[in-house]
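So the chains spell out like this:
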Amino acid sequence: MSKFPSRIVCLTEETTETLYLLGQGDRIVGVSGYTVRPPEAREKPKISAFINAKFDKIVALEPDLVLAFSDLQADLAKELVRRGLAVVTFNQRSIDEILQMIRMVGALVGCQGDAEALADRLAAGLDDIRAASARFPKRLRAFFEEWDDPLISGIRWVEELMTIAGADPIFPELVGCGLAKDRIVDPAEVARRDPEVIFASWCGKKMKKATIVGRPGWDRVAAVRDDRIFEIKSTYILQPGPAALTDGIAQIHAHVRAISG
């Protein structure tokens, strides 16, 4: 038996991307069907969506480790454990927890040093963006739409990334709410708080700007009036891993810089 896991199934994209960044992509034997990063990972067998999985196919791959994410995959993890597999389920909801996840994944495969270095590089990149944002002449009021109906504001790591990028979330009191149901907001209250920029990533479905601008009373919202509505694809921002800390925040920062810088 290998000293560290050598046949790994990843039920979400962020652990897949992390392992590839650590040079350990060859250990992965199965991935989520939603995986797009890195592109070569798409060649691996697809064994799950997000809340369902092909259990028999996973077992047939003979993994010595399965990596899962969040309470939404708790039932998947339970069934795989029942079938005799080793499962580690992460539940990172903040930037610090994402960096911790990266370090833990590295430790699981015997690459602790490389994982520490990767996490440090990602943290340094965020520090550079934070420093650049501090030079903006003003900070923008920002709203992040994670879903359109019901209207759901951004999860914690997204709100933290917007803050680093130079924008202040208009619902700071909801940042600590890990469950989507606790971040449902009234469209009228969004309009009252008058965001100057709106970012949208509707959990995998394409944003429809007409839906946003057509909400009652939103014609008076600064972001709508000034056409400052931007889609950030979910693979870049709603996967709590390296993508959000690099490409995701870079896209947000570029839009904020163009407006306020």
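Description of the structure in this document.

Cut-off values and rules
Residues numbered from 1 in each chain as written. Predicted model: local features only at pLDDT ≥ 70, side-chain atom pairs only at ≥ 80, totals over all residues. Heavy atoms only, no water. Helix = DSSP H or I, 4+ residues; strand = E, 2+ residues; numbered from the N terminus. Buried < 20%, exposed > 50% of the residue type's maximum accessible area, 1.4 Å probe, protein only. Salt bridge = Lys/Arg side-chain N within 4 Å of Asp/Glu carboxyl O. Pairing = 2+ DSSP bridges.

### Things to note about the side chain of Glu-145
Point 1. If you trace the backbone, Glu-145 turns up in strand E6 (residues 140–148).
Point 2. For Glu-145, a relative accessible area of 0% puts it in the buried group.

### Considerations on the pattern of salt bridges
Point 1. Under the counting rule described, the total for this entry stands at 26 salt bridges.
Point 2. Between Arg-130 and Asp-127 there is a salt bridge whose closest N-O contact spans 2.6 Å. Taken as a pair, Arg-130 and Asp-127 lie in helix H5 (residues 112–133) at a separation of three residues, close to a single helical turn.
Point 3. Among the residues examined, Arg-130 registers a relative accessible area of 40% and is labelled partly exposed.
Point 4. Relative accessible area serves as the criterion here: at 43%, Asp-127 is assigned to the partly exposed category.

### Concerning the pairing of strand E4 (residues 65–69)
Point 1. Of all five residues making up E4, five are buried, and the element is well covered by its neighbours.
Point 2. The side-chain alternation of E4 yields two buried faces, one formed by Leu-65, Leu-67 and Phe-69 and the other by Val-66 and Ala-68.
Point 3. With three bridges joining them, strand E1 (residues 8–10) and E4 adopt parallel strand pairing. Residue Val-9 lies in a different strand from E4, and its bridge partner there is Val-66.
Point 4. When E4 meets strand E5 (residues 87–90), the two strands line up parallel, connected through four bridges. The partner of Phe-69 across the bridge, within E5, is Phe-90.

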